Amino acid sequence: MAHPLRAGLAFCFVNERPVFLDVTRDRYFTIQGSLEAAFKELVAGRDLSRESIDRLLSAGILEPEGGRPIVPSPPRIVSPGRSVIEGKFADRRAGFAVTVKTAICLVRSRRRLRRDGFARIINELRARKRHTGDARHSFIEARAAEFQAARCLFPAPPNCLPDSLALLDYLYNQGVVADLVIGVRMAPYGAHCWVQTREALLNEAVDYAASFTPILTA
């Protein structure tokens with residue numbers, strides 16, 4: 001019987017070390033020693049001993065049962081090549097209507113995080129993509145630039161997760177979607193998120209985003 005990766009668990013390798021994000025518990029963790037070795041064997045597609053499987057099951061890395069042979073893999077995204085906040089839209093100004101819509105999205109994103117929790121929000125973001133069409137990149141980037149211009153008018157300090165969710169909400173209201181990307185790094189440890197569409201970053205600088213390894217996309 002195959003044992004897939006536990007539902008709600010995402011991972012990536014940072015300097016060859018596996019790092020996990022438990023979406024349901026909203027926490028990051030690492031593993032080491034024989035547990036780390038067993039997981040690397042699993043990702044490489046090699047057959048594991050019963051002892052190694054039991055170890056991964058006990059640690060909550062794998063599901064107790066599975067009906068399909070799955071070799072887990074980290075998320076794959078296009079390497080960012082440009083940023084809206086650094087490019088031709090960087091000096092765009094926000095009008096009154098955009099400012100009001102941005103404020104509504106910012107308030108709504110913080111409320112959703114308190115009310116719904118991270119796991120439900122991730123599922124909702126993924127469901128949206130099944131019902132929204134594609135759009136020209138220039139249109140998406142222009143809408144992101146006007147959102148960013150309006151965001152600068154608010155005194156609340158930047159906060160990557162609610163700000164990114166607000167941007168995604170703003171774009172969705174314009175009939176388009178983008179990707180939420182969550183990344184981690186180890187030295188120094190940190191987690192960060194941003195919004196991206198293909199190779200374009202919509203609310204982060206290229207160099208800073210590149211210092212994180214993507215662990216989850218939605």
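Provided above is the structure to which this section pertains.
Now for a description of the structure that goes with this document.

Here we look at the environment of Glu-63
Next up, step 1: Considering the arrangement of structural elements, one finds Glu-63 in the loop between helix H2 (50-58) and strand S4 (82-83).
Next up, step 2: Using a relative accessible area of 22% as the deciding quantity, one classes Glu-63 as partly exposed.
Next up, step 3: With 60 residues separating them in the primary sequence, Glu-63 and His-3 have C-alpha atoms 5.6 Å apart.
Next up, step 4: Every residue in contact with Glu-63, bar those within four places of it in the chain, is listed here: His-3, Pro-4, Leu-5, Arg-6, Ala-7 and Leu-57.

Regarding the pattern of salt bridges
Next up, step 1: With the rule as written, the count across this model stands at 19 salt bridges.
Next up, step 2: Linking Arg-46 and Glu-41 is a salt bridge whose minimum nitrogen-to-oxygen distance equals 3.2 Å.
Next up, step 3: Residue class for Arg-46 comes out partly exposed when judged on its relative accessible area of 48%.
Next up, step 4: Salt bridges sharing common partners tie together Arg-112, Arg-115, Asp-116, Arg-120 and Glu-124.

Considering the nonpolar core
Next up, step 1: Judged by nonpolar contacts, the single largest core of 39 residues is most densely connected at Leu-202, Ile-215 and Leu-216.
Next up, step 2: Sequence-distant contacts of Ile-215, that is, excluding residues within four places in its chain, are made with Ala-10, Phe-11, Cys-12, Val-19, Phe-20, Leu-21, Tyr-28, Pro-75, Ile-182, Gly-183 and Val-184.
Next up, step 3: Ranked by size, the runner-up nonpolar core spans 16 residues in total, among them Phe-29, Ala-38, Leu-48 and Ile-53.

Details of the packing of helix H4 (residues 118-129) against helix H6 (residues 160-173)
Next up, step 1: Taken N-terminus to C-terminus, the directions of H4 and H6 make an angle of 30°; their axes are 12 Å apart at the nearest point. One element, H4, and the other, H6, form an angle in the roughly parallel class. Crossing hand, H4 versus H6: left-handed. In this structure, H4 contributes Phe-118, Ile-121, Leu-125 and Arg-128 to the contact, and H6 contributes Leu-161, Leu-165, Leu-168, Asp-169 and Tyr-172.
Next up, step 2: Split into classes, the residues belonging to the contact of H4 with H6 amount to 7 nonpolar, no polar and 2 charged.

Notes on the sheet that holds strand S2 (residues 17-22)
Next up, step 1: Spatial strand order, S1-S2-S3: 3 strands in an open sheet with antiparallel pairing. Looking at strand neighbours, the two that pair on one side only are strand S1 (9-14) and strand S3 (27-30), the edges of this open sheet. Strand-to-strand, the axes of this sheet are offset by a mean angle of 25°, without reference to chain direction.
Next up, step 2: Pairing of S2 with S3, which is carried by 4 bridges, proceeds in the antiparallel orientation. Paired with Leu-21 across the strands is Tyr-28, a residue of S3.

Here we look at the packing of aromatic side chains
Next up, step 1: A full pass over the atoms with the stated rule returns 9 aromatic pairs.
Next up, step 2: A centroid spacing of 6.1 Å and a plane angle of 35° characterise the contact between Phe-11 and Phe-20, whose relative ring orientation is tilted.
Next up, step 3: When the centroid spacing of 5.2 Å and the interplanar angle of 70° are considered together, the rings of Tyr-208 and Phe-212 count as edge-to-face.
Next up, step 4: Given a relative accessible area of 36%, Tyr-208 falls into the partly exposed group.
Next up, step 5: Accessibility expressed as a relative area gives 6% for Phe-212, which makes it buried.
Next up, step 6: Taken together, the ring pairs in this structure connect Phe-11, Phe-13, Phe-20, Phe-29 and Phe-39 into an aromatic cluster.
Next up, step 7: The ring of Tyr-172 carries the charged tip of Arg-128 above its face, separated from the ring centre by 3.9 Å.

Rules and cut-offs
- Within each chain, residue numbers correspond to sequence positions counted from 1 in written order.
- Local features in a predicted model are, by the rule used here, given only for residues with pLDDT of at least 70; side-chain atom pairs are given and counted only at 80 or more, and totals for whole chains, interfaces and linings are based on all residues.
- To get the side-chain values, all heavy atoms of the structure are used, and hydrogens and water are removed first.
- A run of H or I in DSSP counts as a helix once it spans at least four residues, and a run of E counts as a strand once it spans at least two, with each numbered from the N terminus.
- Buried residues are those whose accessible area, probed at 1.4 Å on protein chains only, stays under 20% of the maximum for their type, while exposed residues exceed 50% and partly exposed ones sit between those limits.
- The contact definition used throughout considers only heavy atoms, calling two residues in contact when any of these lie within 4.5 Å.
- Salt-bridge detection follows one rule: a side-chain nitrogen of Lys or Arg within 4 Å of a carboxyl oxygen of Asp or Glu.
- The set of buried Ala, Val, Leu, Ile, Met, Phe, Trp, Tyr and Cys residues whose side-chain atoms join them within 4.5 Å is what this entry labels a nonpolar core.
- Helix axes use the C-alpha atoms of the stretch in contact, all axes being lines fitted to C-alpha atoms, and the angles between their N-to-C directions lie in the range 0 to 180 degrees.
- Oblique is the label for every angle not falling under 35 degrees (roughly parallel), over 145 degrees (roughly antiparallel), or within 65 to 115 degrees (roughly perpendicular).
- It is the rotation of the near helix from the far one that decides the hand of a crossing: anticlockwise by less than a right angle makes it left-handed, clockwise makes it right-handed.
- Gly is put with the polar residues, along with every residue not named as nonpolar or charged; the nonpolar set is Ala, Val, Leu, Ile, Met, Phe, Trp, Tyr, Cys and Pro, and the charged set is Asp, Glu, Lys and Arg.
- Two strands qualify as a pair provided DSSP detects at least 2 bridges between them.
- Pairs were defined over the aromatic rings of Phe, Tyr and Trp, the Trp ring being its six-membered one, requiring ring centres within 6.5 Å. Orientation was assigned from the angle between planes: stacked under 30 degrees, edge-to-face over 60, tilted for the rest.
- Charges are assigned to positions over rings by a cutoff of 6 Å between ring centre and Lys NZ or Arg CZ, combined with an angular limit of 35 degrees from the ring normal.

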